[in-house]
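Below are the chains, spelled out letter by letter.
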Amino acid sequence: MNAYLNLFDFKQKVNYKNEILAGLTVAMTMMPESLSFAILAGFPPLTGLYAAFIMGIVTSIFGGRPGLISGGAGATVITLIALMQSHGLEYVFAAVALAGIFQILVGVFRFGKFIRLVPQPVMYGFVNGLAVVIFMSQLEHFKTVVNGETVWLSGTPLMIMAGLVALTIAIVLVLPKITKAVPPSLVAIIVVFAVVFVFNVDTKTVRDIASISGGFPPFHVPQIPFELATLQIIFPYALIMGGVGLTEGLLTLNLVDEITATRGNGNRECIAQGSANILNGFFFGMGGCPMIAQTLVNLSAGARARLSGIIASLTILAIILFASPLIELVPMAALTGVMIMVAIGTFEWVSFRIINKMPKQDIFVGMLVAAITIYLHNLALAVLIGVIISALVFAWESAKRIRAKKFTDANGVKHYKIYGPLFFGSVTAFNEKFDIQSDPKEVIIDFSESRVADMSGIEALNKITERYHKAGKKVLLKHLSPDCRQLLINAEDVIAVNIVDDPTYHVAR
């Protein structure tokens, strides 16, 4: 509850100028992207802008951290294209609302913390892959439609487009060296707009993508049969969309944490995302999630509070209601240049400098995650595969660390002092440490420098004690936790209890 008492972060010092200008810049860059993805998926163009407004306003106020920007993101929209083609828009709205329920449940049950399991190589791959996707998507604006076919621009139109994009990039690069009073992205958009307007330059504008005029998002209950068959249709899409949205959102939240050296609240962000997507499902929005590109635009413009996100959302709504004719004249070259610079800024160039210092398996994981992100546009799948491979590599390396120090004391008792974790991956190596036939009548296995991690380790202990018993020899197990002693079948006969030295930990069952 305390998290919401400081709803607008009143204790945080806010630079209102930076927040307002950053919000305006974010709105300018978010609109064409939301429109593009809506059209790509076959949705009405306004569903993209409605999603940008709803996601932005809800998550900016109630989300897990200031500075994070949400909107109608391509990552989540891509998961719904097949549903749109097979069952239509009403089923899409229902799936978006159901995805929101899933996301709220993740936040309520505090599962957002599991994003901590994402290793750094996976983060590098995710960010680098996403940077490439952002950059490649901008190349689409260098194409046009001729006789129903999409072809690359050529001749004068290409030179105009390239020149305006270059002007935008130059302003974004040079202006911060002169002044940081205003966001360079916003200045670049205004300057390029003025050049095109004053000199009547013939180039692609926002109007060429779609009309953005409309009214307030209308309340709309999805027109679908409320029956089990409908749930079976939308459930997989909702689950995938919810997972993709949370994955991209929580990874973006972690990225903002690193940039701002602050700590966000992942579970609160999950609940805010879910609430926004439920509203999307009932207010004609295509759904969405945090957008890394717009978030980086926001941060690079100096925004650090919630106000910029609120300004961006309200700006989008105001444009839909009142200013669409003016915004439709904004050159796509200006927005393309801004997004290209965002892609360049998003890429983790440091990963190239440290690549020769990273383990080979980490390099492989990072490259694999980036490749999946680029070619499949499936961020959740990319991160999941990266985490699984990283976990398997960790298990393999941990399995190789188990070893045993062997010695025989003055009483003729053989001691095995075990080092390293005993778990499913190290069981085979553990069993190979013992020479049951050659060992004396009494053996002590000391776990003071080890830990039994799972039931595979417990089963290995049961089997080793049984093998010694069949050979007519006595074995004692020292320094096991109470949990281990309870799970061992023949515990009373083989365990030497030392209350002072025995550890306390739980075995994964």
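Presented here is an overview of the structure given in this document.

Criteria and cut-off values
Residues numbered from 1 in each chain as written. Predicted model: local features only at pLDDT ≥ 70, side-chain atom pairs only at ≥ 80, totals over all residues. Heavy atoms only, no water. Core = buried A, V, L, I, M, F, W, Y, C linked by side-chain atoms within 4.5 Å. Buried < 20%, exposed > 50% of the residue type's maximum accessible area, 1.4 Å probe, protein only. Helix = DSSP H or I, 4+ residues; strand = E, 2+ residues; numbered from the N terminus. Contact = heavy atoms within 4.5 Å. Salt bridge = Lys/Arg side-chain N within 4 Å of Asp/Glu carboxyl O. Pairing = 2+ DSSP bridges.

### Re the nonpolar core
For step 1, the next point in the chain: Ranked by size, the top nonpolar core spans 65 residues in total, and within it Met-28, Met-31 and Phe-126 carry the most contacts.
For step 2, the next point in the chain: Broken down by element, this core gets its largest block of residues, ten residues, from helix H14 (residues 332–346).
For step 3, the next point in the chain: When residues no more than four places from it in sequence are discounted, the contact partners of Met-31 are Leu-49, Ile-212, Ile-316, Ile-319 and Ile-327.

### Some points on the pattern of salt bridges
For step 1, the next point in the chain: Scanning all chains against the criterion turns up six salt bridges.
For step 2, the next point in the chain: One salt bridge in this structure joins Lys-400 and Glu-397, with 3.5 Å as the shortest N-O distance.
For step 3, the next point in the chain: The exposed category is assigned to Lys-400, whose relative accessible area is 52%.
For step 4, the next point in the chain: Lys-414 serves as the salt-bridge partner of Asp-439, at 2.9 Å between the closest nitrogen and oxygen. With Asp-439 in the loop between helix H18 (427–431) and strand E7 (442–452) and Lys-414 in strand E6 (residues 414–422), this pair connects stretches of sequence that are 25 residues apart.

### Points about the pairing of strand E2 (residues 143–146)
For step 1, the next point in the chain: Two strands pair when backbone bridges link them, and E2 and strand E3 (residues 149–152) are joined in this way by four bridges, in the antiparallel orientation. When the bridges of E3 are listed, Val-145 appears paired with Thr-150.

### A look at unusual backbone geometry
For step 1, the next point in the chain: One non-glycine residue with positive phi stands out, namely Arg-110, at about 60 degrees.
For step 2, the next point in the chain: Positionally, Arg-110 belongs in the loop between helix H6 (89–108) and helix H7 (120–138).
For step 3, the next point in the chain: The exposure class of Arg-110 is exposed, given its relative accessible area of 53%.
For step 4, the next point in the chain: In this structure, Ala-261 is a non-glycine residue whose phi angle is positive, near 55 degrees.
For step 5, the next point in the chain: Locating Ala-261 in the fold gives a position in the loop between helix H10 (228–260) and helix H11 (266–282).

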